[in-house]
Amino acid sequence: MKANHEEKIVRTICNSHCGGTCEMKVHVRSGRIVRIESGGDGETSHRMCLRGRAYRQRVYAPDRLLYPLKRTGRRGSGEFARVSWDEALETVAQELKRVKDSYGNASILHFCSMADAHAVHHTQAFHRLLCQFGGYTAPWGFISNEGLAFASGITYGARPAGYTPEQYPKSRLIIMWGWNPLVTQQGTPIPPALCRAKENGTKFICLDPQFTDSAAVLADRWIPIRPGTDTAVLGAIAYVLIKENRTNQHFIDTYTFGFDRFQKYILGGEDGVEKTPAWAENISGVPAATIAELARMYAGTSPAAIVTGYAAGRTAFGEQFHRMAFALEAITGNAATASGGAPITKSVAAITQLPGPPNQVEAGAPPRWNALPYRSASVNSSARVNVSLFADAILKGKAGGYPADYKLLWLSNTNYLNQLAEVNKAAGAFQKLEFILVTEQFMTASARFADIILPVCTFLERNDLYAPPGGGIYALVNKAIEPLGESKSQLQICQALAAKLGISDYNDKSDEELVRSMVARLSQEAGLPYFDTLKERGFYRIKSDGAPAKNPFPTPSGKIEIFSGVAAKMNHPGIPPVPEYLETWESRNDPLTKNYPLQLITPHLRRRAHSQFDNLPWLRELQAQAVDINTADAEKRGIGDGAIVRVFNDRGEMIIPARVTERVMPGVVAVPQGAWYDPDETGADHGGCANVLTKNVTSPAGAFVSNTALVQVEKAKK
Ligand SMILES: Nc1nc2c(c(=O)[nH]1)N[C@H]1C(S)=C(S)[C@@H](COP(=O)(O)OP(=O)(O)OC[C@H]3O[C@@H](n4cnc5c(=O)[nH]c(N)nc54)[C@H](O)[C@@H]3O)O[C@H]1N2
Ligand SMILES: Nc1nc2c(c(=O)[nH]1)N[C@H]1C(S)=C(S)[C@@H](COP(=O)(O)OP(=O)(O)OC[C@H]3O[C@@H](n4cnc5c(=O)[nH]c(N)nc54)[C@H](O)[C@@H]3O)O[C@H]1N2
Ligand SMILES: [Mo]
C-alpha cells in the first residue's frame with residue numbers, strides 16, 4: 001500500500017527480546033503509529049512474526065508506565081504514587097550515594113538483560129554511568145546458554161558459531177535436538193531456510209520431550225526423549241559409531257585432541273559401563289534400536305547437522321550435552337563451523353564501544369577459571385555474581401561466599417523476579433534490600449517490588465544502532481514517534497541522573513548525534529553503509545560465508561578438544577575432562593519422585609518473548625497459558641482437558657488449566673516460561689509463572705537450570 005501524503009513510513013528493526021531482528025515498516029500519521037507491517041524483500045529476509053505485528057498494541061497498551069512512580073504500599077503490593085521526574089531522580093541519586101558511602105560500590109547490584117542487546121547506547125547507558133560513579137556488581141553468565149558457551153569455549157576455544165541459515169538447505173539430514181525454531185525464534189531467516197531444505201528433500205529428525213510445531217511441520221520422525229538425558233543418547237550414538245568403525249579417522253587425527261580418552265569412556269574403560277544403546281534406552285526412554293538406527297543414519301548421510309537448541313543445555317549438567325554433541329560432530333567430521341563472525345567483527349566491536357572508565361568494583365579481583373575470553377563478556381572477575389544466583393546472593397551475601405553484601409538493586413530491561421528460578425525465594429530476597437530501582441515499561445512482577453520505577457520508552461520512540469559484534473545484520477533502530485507520556489530513553493535517564501550524581505562528563509549528545517558519529521566511523525573504517533542509506537533502508541545484512549573451522553584452534557592443544565585441558569585443570573567432578581553423561585538431580589530416579597513424579601520443562605512460547613507481550617489481548621487470544629500433560633498422566637489423575645489443576649513442589653505452587661495432549665511425552669509436563677507471577681494470599685500463583693517451580697542453582701559450569709525440576713500435578717480443589 002502506498003503511503004498518503006500525511007503518512008510516513010519509518011523503517012526499523014524489531015528490537016524485542018526473542019533474538020529475531022525483523023524488518024519493520026512503521027506507518028505513522030500525525031505522530032501516532034497507525035499500522036506496522038513487515039519489511040523484507042525476499043524469501044530468506046527478516047520477515048516479522050506475530051509479536052512484531054502486535055507491537056503497536058504494546059506501545060499503546062493501557063497499562064504502559066508513563067510516569068515516574070514511588071512505592072506507597074508494602075513491597076510487592078503494587079501500590080504506587082505518581083511523582084515528578086525531579087523527585088524520582090533525586091531519590092535515586094540520594095540512595096545511590098548513601099549506599100556507596102555506607103557500604104561501598106560493590107553493594108550496588110545492577111542487571112541489564114538483553115531486551116535490547118546490541119542496541120549500543122541503550123545497553124551501554126547504565127553501565128557507563130555506574131562505572132563513572134565508581135563501579136557496581138554486575139552479573140556473569142548467559143541466562144540463555146551458558147552451558148553452550150562454556151562447552152564451546154573449552155572445546156573450540158571460541159564462542160559458539162553454529163550454522164548459518166544458508167547451510168541448512170545444503171544439509172541432507174538435520175537432527176533438531178531440543179530445537180524448535182519455528183516457535184522459539186533463533187534468527188528470523190532460519191524458518192524459511194528450513195522450509196527450503198524440506199523442499200529439497202533434506203531429512204529431519206526431532207528429539208524432544210514435546211512433539212513441537214517444528215517437528216509437526218518439518219520432521220520425518222519425532223523421537224521423544226526424557227529431559228536431561230540427551231548426553232546419554234549422544235554417547236550411545238558415539239558408541240555405535242566407534243564399534244562399527246563409522247568414525248572419520250582422518251578428521252579425528254587432523255583436528256581433534258583426546259579421542260582416545262573419550263573412546264575409553266564410551267567403551268566402558270573408565271567406569272566399567274559400556275555406553276551402549278541399551279544403557280541409554282534405560283536412561284532416556286529412547287529405544288536402543290532407534291538409537292542405533294539414528295547413529296547409522298547420521299554417519300551415513302553427508303553433510304548432516306545436529307542442531308541443538310539451548311534448552312537441553314539449561315539442565316543440571318547442561319554443558320555436558322553440548323560437549324557431547326560437539327564430540328559427535330568431531331568424530332564424524334561434521335564439525336566445521338567453529339569459527340565465528342563476519343569480517344567486520346573487530347572494528348564494529350571497537351567502534352561501538354563508548355569510552356568510559358572500567359568497573360572499579362572489579363579492579364584487582366583475582367581471575368577465576370571462568371575468566372576465559374570466550375565466555376560471557378561479563379565474566380572477567382570474581383567480583384561478579386552468576387546471574388541465575390542473584391536471589392541467593394542477595395539473601396546470603398558475604399556469609400554465603402559471595403563477594404559482597406548487596407543493598408541496592410537496579411533492574412533494567414529485565415524482569416528477573418519472574419524470569420529466574422524460585423520466584424518465592426527471590427521475592428524474599430527483594431524484601432531484604434534497602435533500595436530497589438526498576439526502569440520499565442510495564443508493572444511487571446519485578447517492578448511491583450521497586451521503591452522507584454522510572455518509565456522507559458520503547459524502541460519505536462528512540463534512536464539507536466544495532467550492531468552485534470558477531471556480525472549478521474547491522475541496522476538503525478529508527479525513532480518512529482516521540483516517547484509517550486513522560487517516558488524517556490535510557491540514555492536520557494542517565495543524562496538526567498548523571499547531573500544529580502554530580503557527574504559532568506557523562507554525555508551531552510542526543511541519541512541521533514551519537515548514532516551518526518558511530519555510523520560515520522563504521523562507514524569509513526569497516527565499509528558499512530552511510531547514515532542516510534541506513535536511515536532509509538533501516539537494515540543492512542552482512543554477508544557471512546560460514547567460514548570453515550580455524551586451524552589451529554585457540555585451545556591449549558590447538559585442536560578441537562574432546563579431552564579438555566581446561567576442564568582437566570578445573571578438577572571438578574561435575575566437569576569431567578571428556579564429555580560424560582552425569583545423572584541430573586531431580587531425575588526420575590530421585591527419591592523425591594515419590595512426591596513429585598513428573599519432570600517439568602519450561603519452553604519458550606510463540607506469543608511471548610519471555611514475559612514480554614503476555615499482557616497483549618491480540619496475542620492472548622491465540623494461546624492460553626496452560627500446563628501440557630500427557631493423556632496417560634492426566635487420566636491417572638482424573639484430569640480432563642481444560643481442567644484447573646495445581647502444579648506444585650516444595651518451592652511453589654501454581655493453579656492453571658491443563659492441556660491434555662499426546663504432544664508431550666508421558667512423565668513430563670510443560671509450563672511455558674514467561675507468564676506473569678500472580679500470587680494469591682496463600683502464595684499460590686495464578687499467572688502460570690514457571691519459575692515458582694524451578695530451582696535456584698546452576699550447573700557446575702554456571703548454566704541457568706530451567707529444565708530440571710520435579711513436580712506433581714493434581715486437580716485443583718474447588
Ligand atoms: N517465541 C519466542 N522465541 C524466542 C524467545 C521467546 O521468549 N519467545 N526467547 C529467545 C531467547 S532469549 C532464547 S535464549 C531462545 C531459547 O531457545 P531454546 O532454549 O532452544 O528454546 P526452548 O523453547 O526453551 O526449548 C527448545 C526445545 O527444547 C525442548 N527441551 C526442553 N528440555 C529439553 C531436554 O532436556 N532435552 C531435549 N532434547 N529437549 C528439551 C523443548 O521442549 C523445546 O521444544 O529463544 C529465543 N526465541
Ligand atoms: N523457567 C524458565 N525461565 C526462563 C527461561 C526458560 O526457558 N525457562 N528462559 C530464560 C532466558 S533464555 C532469558 S534470556 C530470560 C529473560 O529474562 P528477562 O530479560 O527478565 O525477560 P523479559 O521478559 O524479556 O524482560 C525484559 C523486561 O524489559 C522491559 N523492557 C523492554 N524494553 C525495554 C527498554 O527499552 N528499557 C527497559 N529498561 N526495559 C525494557 C520489558 O517490559 C520486560 O519487562 O528468561 C529466562 N527465564
Ligand atoms: Mo535467552
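Residues numbered from 1 in each chain as written. Chains lettered and ligands numbered in written order. Predicted model: local features only at pLDDT ≥ 70, side-chain atom pairs only at ≥ 80, totals over all residues. Heavy atoms only, no water.

**Q** I'd like to hear about the packing of helix 3 (residues 85-103) against helix 18 (residues 490-500), residue by residue, with values.
**A** Close contact between helix 3 and helix 18 brings their axes to 9 Å; oriented N to C, the two are set at 60°. What the angle tells us is that helix 3 and helix 18 run oblique. Remark: the crossing between helix 3 and helix 18 carries right-handed chirality. Of helix 18, the residues touching helix 3 (which contributes Trp-85, Asp-86, Leu-89, Glu-90, Val-92, Ala-93, Leu-96 and Lys-97) are Ile-493, Ala-496, Leu-497 and Lys-500. Split into classes, the residues belonging to the contact of helix 3 with helix 18 amount to 8 nonpolar, no polar and 4 charged. (Axes fitted to C-alpha atoms, helices over the stretch in contact; angles between N-to-C directions. Helix = DSSP H or I, 4+ residues; strand = E, 2+ residues; numbered from the N terminus. Parallel < 35°, antiparallel > 145°, perpendicular 65-115°, else oblique. Left-handed = near helix turned anticlockwise from the far one by under 90°. Contact = heavy atoms within 4.5 Å. Nonpolar A, V, L, I, M, F, W, Y, C, P; charged D, E, K, R; others polar.)

**Q** Explain the sheet that holds strand 17 (residues 464-466) to me, using residue names and the numbers behind them.
**A** The strand order across the open sheet formed by 3 strands is 17-18-19, and the pairing between neighbours is antiparallel. Of all strands in the sheet, those bounded by a partner on one side alone are strand 17 and strand 19 (539-541). The average angle at which neighbouring strand axes cross in this sheet is 10°, direction not considered. The sheet contact formed by strand 18 (residues 473-477) and strand 19 spans 3 bridges and is antiparallel. Bridged to Tyr-474 within strand 19 is Tyr-540. Contacts between helix 19 (residues 511-526) and the sheet are confined to strand 17 and strand 18, with strand 17 contributing the most and set at about 35° to the helix. (Pairing = 2+ DSSP bridges.)

**Q** I'd like to hear about the state of the cysteines, residue by residue, with values.
**A** Inspection of every chain in the model, using the stated rule, returns 0 disulfides. Of all cysteine sulfurs, the one in Cys-49 lies closest to Cys-18, which takes part in no disulfide; the gap is 5.8 Å. (Disulfide = S-S within 2.5 Å.)

**Q** With reference to specific residues and values, describe the site of ligand 2.
**A** The environment of ligand 2 is formed by 33 residues, the closest being Asn-415, Gln-419, Glu-440, Gln-490 and Ser-611. Thr-439 places a main-chain nitrogen or oxygen 2.9 Å from a nitrogen atom of ligand 2. The contact in question runs from an oxygen atom of ligand 2 to an N or O atom on the side chain of Ser-611, over 2.4 Å. Bound to the protein, ligand 2 loses 98% of the 920 Å² it would expose on its own. If you list the elements that add at least two residues to the shell around ligand 2, you get helix 16 (416-419) and strand 15 (435-440). Its residues placed into classes, the shell around ligand 2 shows 7 nonpolar, 21 polar and 5 charged. Each of domain 1 (69-142 + 351-454 + 487-507) and domain 3 (591-715) gives at least three residues to the shell around ligand 2. (Near = heavy atom within 4 Å. Polar contact = N/O pair within 3.5 Å; in protein donor to acceptor, adjacent residues only side chain to side chain. Areas by Shrake-Rupley, 256 points an atom, 1.4 Å probe, with all protein chains shown as cover. Domains from an automatic or database assignment.)

**Q** Describe the pairing of strand 2 (residues 23-29), naming the residues involved and giving the relevant values.
**A** Counting buried positions over the 7 residues of strand 2 gives 5, a clear majority of the element. Inspection of the sheet shows strand 1 (residues 7-13) paired to strand 2 by 7 bridges, in the antiparallel sense. Paired with Lys-8 across the bridge in strand 2 is Val-28. The pairing of strand 2 with strand 3 (residues 32-38) spans 6 bridges and is classified as antiparallel. For Val-26, the partnering residue across the bridge sits in strand 3 and is Ile-36. (Buried < 20%, exposed > 50% of the residue type's maximum accessible area, 1.4 Å probe, protein only.)

**Q** Mind laying out the nonpolar core, listing which residues take part and the relevant values?
**A** The nonpolar side chains of a soluble globular protein tend to be buried with one another. Grouped together as the largest cluster of nonpolar side chains are 56 residues, with contacts concentrated most on Phe-390 and Leu-417. The dominant element in this core, judged by the number of residues it contributes, is helix 17 (residues 423-432), at 5 residues. Mapped onto the domain boundaries, this core takes at least three residues apiece from domain 1 (69-142 + 351-454 + 487-507) and domain 3 (591-715). If near-sequence neighbours (up to four positions away) are discounted, Leu-417 is found in contact with Phe-390, Val-423, Ala-426, Ala-427, Phe-430, Ala-445, Ser-446, Phe-449 and Tyr-677. Leu-148, Ala-158, Val-233 and Ile-291 belong to the second largest nonpolar core, which has 54 residues in total. (Core = buried A, V, L, I, M, F, W, Y, C linked by side-chain atoms within 4.5 Å.)

**Q** Go over the site of ligand 1, please, and point to the residues and values.
**A** Around ligand 1 lies a shell of 36 residues, among which Gln-185, Asp-208, Asp-230, Arg-608 and His-610 are the nearest. Take Arg-51: an N or O atom from its side chain is 3.0 Å from a nitrogen atom of ligand 1. At a separation of 2.6 Å, a nitrogen atom of ligand 1 approaches a polar backbone atom of Gln-185. Here the residues of the shell around ligand 1 are counted per class, giving 14 nonpolar, 16 polar and 6 charged. Counting residues domain by domain, the shell around ligand 1 receives three or more from each of domain 2 (162-338 + 552-570) and domain 3 (591-715).

**Q** Account for the packing of aromatic side chains, with residues named and values stated.
**A** Under the counting rule described, the total for this entry stands at 18 aromatic pairs. Ring centres of Phe-111 and Phe-390 lie 5.7 Å apart, and the angle between their planes is 70°; this geometry places the pair in the edge-to-face category. A residue pair is termed long-range when its members are at least 10 positions apart, and Phe-111 in strand 6 (residues 108-112) and Phe-390 in helix 15 (residues 390-396) qualify at 279 residues. A residue is classified by how much of its surface remains accessible, and Phe-111, at 0% relative accessible area, is buried. (Phe/Tyr/Trp six-rings, centres within 6.5 Å; stacked < 30°, edge-to-face > 60°.)

In short, the description is geometric, and any link to function would need to be established separately.
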